[in-house]
Amino acid sequence: MKNILITGGAGFIGSHVVRLFVNKYPNYNIINLDALTYAGNLENLKDIENKSNYTFIKGDICEHDAVKEIFSKYKIDGVIHLAAESHVDRSIKNPFAFAQTNIMGTLSLLQAAKEFWKDNYKDKLFYHISTDEVYGSLTENGFFTEDTAYDPHSPYSASKASSDHFVRSFHDTYGLPIIISNCSNNYGANQFPEKLIPLFINNICKNKPLPVYGKGENVRDWLYVEDHASAIDVIFHQGKIGETYNVGGFNEWKNIDLIKILIKTVDTLLGREEGSSESLITFVNDRAGHDYRYAIDSSKLKNELGWEPSLQFEEGIEKTIKWYLEDKEWVKHVTSGDYKKYYDEMYTK
Ligand code: NAD
Ligand code: TYD
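Residues numbered from 1 in each chain as written. Chains lettered and ligands numbered in written order. Predicted model: local features only at pLDDT ≥ 70, side-chain atom pairs only at ≥ 80, totals over all residues. Heavy atoms only, no water.

Peer 1: Describe the overall build of the chain, naming the residues involved and giving the relevant values.
Peer 2: Along its length, the chain carries 12 helices and 12 strands. Computed over C-alpha atoms, the radius of gyration of the chain comes to 20 Å, within 12% of the 20 Å expected from 2.2 N^0.38 for 349 residues, which places it in the range of a compact globule. Its C-alpha atoms give the chain principal-axis dimensions of roughly 65 × 50 × 40 Å. Counting only residues that meet the buried cut, the chain has 55% of its 349 residues in that class. Taking contacts inside the chain between residues at least 6 apart in sequence as the whole, the part at least 24 apart equals 82%. Carbon together with sulfur atoms contributes 49% to the accessible area of the chain, which is approximately 15,200 Å² in total. Here the chain carries 38 positive and 49 negative side-chain charges, and the mean point of each set is 4 Å from the other. (Helix = DSSP H or I, 4+ residues; strand = E, 2+ residues; numbered from the N terminus. Rg over C-alpha atoms; globule rule 2.2 N^0.38 Å. Buried < 20%, exposed > 50% of the residue type's maximum accessible area, 1.4 Å probe, protein only. Contact = heavy atoms within 4.5 Å. Areas by Shrake-Rupley, 256 points an atom, 1.4 Å probe, with all protein chains shown as cover. Lys, Arg positive; Asp, Glu negative; His and termini not counted. Charge placed at Lys NZ, Arg CZ, Asp CG, Glu CD.)

This is the structure:
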């Protein structure tokens, strides 16, 4: 495959995937299709935007005719599909946007791939990026494996589950070459500060309250975003058609324990008395339908494709916190909304 369409490449995970592919594979053409919603930020890709093997297209995956044109103009032979509405709390407020982008948008891409590749599927691949949240919630013990039955609880996870089913149905019905991976929670640079880790780092810095849902006892399994990008690279190139791979680092944290690590590290780096920001912790009403625990068993990916995370959590979280503390421009632009001007400045002159 040479001409790779990456959707959602201006978002958090997508930007790390685009950077990895543009730098590592100079003989590929990487086409980044992104609608630049509130979560899309081209400043994430400043360092590679002028590379000759990179093209950015501002567009909506739901616009089927425009998507078909992209397939035809760029002779797309591989798709890595990350574009999505991704925040659970937003899905509780506005589920329609999630059904539209995550379900209808995925269907629009699948149909375009099927029509453009016209049953000549040799050396083609539609790779769909999904989440462990489709599997629902665990109690104290056990892990999600690739065989765990789907049991989504939030409108976000329901829309992702639905998109996964559509992707599999295109394989089973039309023979479309697909792969799906389901990953645990990601952390790292360039994440929009509505998700737990960047929101709390920012609030600790600014001495703002830290809204902990419920008692802070929910458990999440955290993976460094560059390790997710490296897993995507391995699965895209070596994964078996029709298969699902779970991606995770066996790295579970109770929210409150993770929050205390964030506080301790930020306080130390800012020269504050260690732990002094714990007074910012504010327990608030629990999230509706809050899944108790996610934990991924990624041994299939390790045993079959040899992938393992490169970083231990302690190293990854310190690197991440330092990035948010040092990259003040990015944080300032995102929190003020100025990052939205970047597209006009760079692409519309
Ligand atoms: P994000 O919200 O940071 O980025 C999503 C990107 O998609 C943005 O750039 C946005 O502009 C773009 N987009 C949204 N709607 C679009 C549309 N209609 N057309 C074109 N582009 C559109 O999300 P993320 O955290 O980077 O997640 C990327 C993917 O990975 C999603 O599919 C998500 O479900 C999945 N995932 C995320 C995590 C996580 O922890 N963040 C974990 C597992 C899987
Ligand atoms: P989040 O980053 O939204 O990811 P997800 O819900 O997809 O796992 O939230 C991670 C955990 O942190 C989750 O259990 C909800 C909790 N949380 C808070 O306690 N307060 C917050 O302000 C946010 C955004 C999340």
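Peer 1: Give me the site of ligand 2: which residues, what numbers.
Peer 2: Around ligand 2 lies a shell of 18 residues, among which Glu133, Pro211, Arg220, Arg287 and His290 are the nearest. Within the contact set of ligand 2, an oxygen atom lies 2.6 Å away from a side-chain nitrogen or oxygen of Glu133. One of the backbone N or O atoms of Tyr213 is found 2.9 Å from an oxygen atom in ligand 2. In isolation ligand 2 offers 510 Å² of accessible surface; the protein chains occlude 97% of this area. Elements with a contribution of two residues or more to the shell around ligand 2: α6 (196-205) and β8 (210-213). For the shell around ligand 2, the per-class residue count stands at eight nonpolar, five polar and five charged. (Near = heavy atom within 4 Å. Polar contact = N/O pair within 3.5 Å; in protein donor to acceptor, adjacent residues only side chain to side chain. Nonpolar A, V, L, I, M, F, W, Y, C, P; charged D, E, K, R; others polar.)

Peer 1: Report on the pairing of strand β2 (residues 29-34), specifying residues and quantitative values.
Peer 2: Within β2, five of the six residues are buried, leaving the element largely enclosed by the surrounding structure. Judged from the five bridges that link them, strand β1 (residues 3-7) and β2 form a sheet pairing that is parallel. Across the sheet, residue Leu5 finds its bridge partner in β2, namely Ile31. Pairing of β2 with strand β3 (residues 54-58), which is carried by five bridges, proceeds in the parallel orientation. Each bridged residue has a counterpart across the sheet, and for Leu33 the counterpart in β3 is Ile57. (Pairing = 2+ DSSP bridges.)

Peer 1: Describe in detail the sheet that holds strand β5 (residues 125-131), supporting the description with residues and values.
Peer 2: One open sheet holds the seven strands; their spatial order is β3-β2-β1-β4-β5-β6-β10, and the pairing between them is parallel. The sheet is open, and its two borders are formed by β3 and β10 (244-247), each paired with just one other strand. Averaged over all pairs of adjacent strands, the angle between their axes in this sheet comes to 20°, without regard to strand direction. Along the sheet face, helix α1 (residues 12-24) touches β1, β2, β3 and β4 (78-81) and points at about 165° away from the line of β2. The sheet strands contacting helix α7 (residues 225-238) are β1, β4, β5, β6 (178-183) and β10, and the helix crosses β5 at an angle near 145°. (Axes fitted to C-alpha atoms, helices over the stretch in contact; angles between N-to-C directions.)

Peer 1: Got a sec to walk through helix α4 (residues 95-117)? Specific residues and values, please.
Peer 2: Compared with an ideal rise of 1.5 Å per residue, which puts 23 residues at 33 Å, α4 spans 32 Å between its outermost C-alpha atoms and is within 8% of the ideal. The principal kink in α4, of about 25°, is found at Met104. (Expected span 1.5 Å × (residues − 1). Bend = angle between axes of the 7 residues up to and from the residue.)

Peer 1: So what's going on with the side chain of His290? Which residues, and what values?
Peer 2: Residue position: His290 is located in the loop between β12 (281-284) and α9 (299-305). Of the residues examined, His290 reaches a relative accessible area of 16% and is grouped as buried. Excluding anything up to four places from it in sequence, His290 contacts Tyr213, Asn218 and Arg220.

Peer 1: An account of the site of ligand 1 is requested, with residue identities and associated values reported.
Peer 2: Near ligand 1 lie 29 residues; those nearest to it are Ile13, Asp34, Ser86, Tyr156 and Lys160. For ligand 1, an oxygen atom lies 3.0 Å from a polar atom in the backbone of Thr37. Contact distances for ligand 1 include 3.4 Å between a nitrogen atom and a side-chain N or O atom of Thr101. Considering ligand 1 on its own, with 840 Å² of exposed area, one finds that the protein chains cover 96% of that surface. Of all elements in the fold, only α1, β5, α5 (155-174) and β7 (185-187) reach the threshold of two or more residues within the shell around ligand 1. Ranked by residues supplied to the shell around ligand 1, first place goes to β5 with three residues.

Peer 1: For the nonpolar core, give the residues involved together with the corresponding values.
Peer 2: Ranked by internal contacts, the top residues of the largest apolar core, which has 37 residues, are Ile30, Ile80 and Tyr127. Ranked by residues supplied to this core, first place goes to α7 with six residues. (Core = buried A, V, L, I, M, F, W, Y, C linked by side-chain atoms within 4.5 Å.)

Peer 1: Before we move on, can you summarise α6 with the specific residues and values?
Peer 2: With seven of its 10 residues buried, α6 lies for the most part within the structure. Of all the positions in α6, only Ile197, Pro198, Phe200, Ile201, Asn202, Asn203 and Ile204 are classed as buried. For α6, the secondary structure elements touched by its buried residues are β7, β8, β9 (219-224), α8 (255-269), α10 (313-326) and α11 (328-336). Just downstream of α6 lies Asn207, where phi reads positive at about 55°.

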